[in-house]
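Secondary and tertiary structure notes
Spelled out, the chains give:
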Amino acid sequence: MTRNDVVAGFLVLAAVAAFAMASVPDTTWPLADTRLTAVVVLVLGLTAAVVGGSWRTAASELAVMRPLAALGGLAALAAVITLITGSRVVLAVLVVLTVVLWLLATVHHLTTRREPPAGGDGGRG
């Protein structure tokens, strides 16, 4: 597990915390608005994806990434629906999809063998 995976995990945890705080009845939490919480969850989820390295996927791993991309598309759709309707249920779906995407990406990172950097000597020399 890399440092980026841990940072991405904290970003996802922050998204879950924002949702949890917004779900408290009669809260004075500044993000209590469902649409604003959806924006926060979306931004944190996208940032976690970038930090986690989803944009650096090798061509050999594209088949593995297709299901994750499909889930990401569903998450984007859930975000748009939440922004339009203000539905807390769809917001909850967005949060769950964000957590599932992070979990699957982290499991993929833990089970994928990483090649050493080019140069062959491990940076010694």
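Residues numbered from 1 in each chain as written. Predicted model: local features only at pLDDT ≥ 70, side-chain atom pairs only at ≥ 80, totals over all residues. Heavy atoms only, no water.

Take the side chain of Thr37 next. By the element assignment, Thr37 lies in helix 2 (residues 34–52). For Thr37, a relative accessible area of 1% puts it in the buried group. When residues no more than four places from it in sequence are discounted, the contact partners of Thr37 are Ala18, Phe19, Ala22, Leu31, Ala32 and Leu91. (Helix = DSSP H or I, 4+ residues; strand = E, 2+ residues; numbered from the N terminus. Buried < 20%, exposed > 50% of the residue type's maximum accessible area, 1.4 Å probe, protein only. Contact = heavy atoms within 4.5 Å.)

Our next topic: the confidence of the model for the protein chain. Residue-level pLDDT values for the protein chain average 82, and 80% of them are 70 or greater. Model confidence for the protein chain, summarised as mean pLDDT per element, is weakest for helix 3 (residues 62–85) at 87 and strongest for helix 1 (residues 3–22) at 92. (pLDDT = per-residue confidence, 0-100.)

Among the nonpolar cores identified, the biggest contains 19 residues, and Val41, Ala48, Ala75, Leu91 and Leu94 are the most heavily contacted of them. For this core, the secondary-structure elements that each account for two or more residues are helix 1, helix 2, helix 3 and helix 4 (88–111). Per-element tally for this core: the top contributor is helix 4, with 6 residues. If sequence neighbours within four positions are ignored, Leu94 has contacts with Ala38, Val41, Ala75, Ala78 and Ala79. (Core = buried A, V, L, I, M, F, W, Y, C linked by side-chain atoms within 4.5 Å.)

This next bit is on a nonpolar patch on the surface. A surface patch of nonpolar side chains, about 290 Å² in accessible area, is lined by Leu36, Val39, Val43 and Leu83. The dominant element in the nonpolar patch, judged by the number of residues it contributes, is helix 2, at 3 residues. Structurally, Val39 is set in helix 2. (Patch = residues over 30% accessible without salt bridge, like charges linked within 9 Å, V, L, I, M, F, W, Y side chains within 5 Å. Areas by Shrake-Rupley, 256 points an atom, 1.4 Å probe, with all protein chains shown as cover. Salt bridge = Lys/Arg side-chain N within 4 Å of Asp/Glu carboxyl O.)

The next point concerns the side chain of Asp5. Among the structural elements, Asp5 can be located in helix 1. Classification of Asp5 as buried rests on a relative accessible area of 3%.

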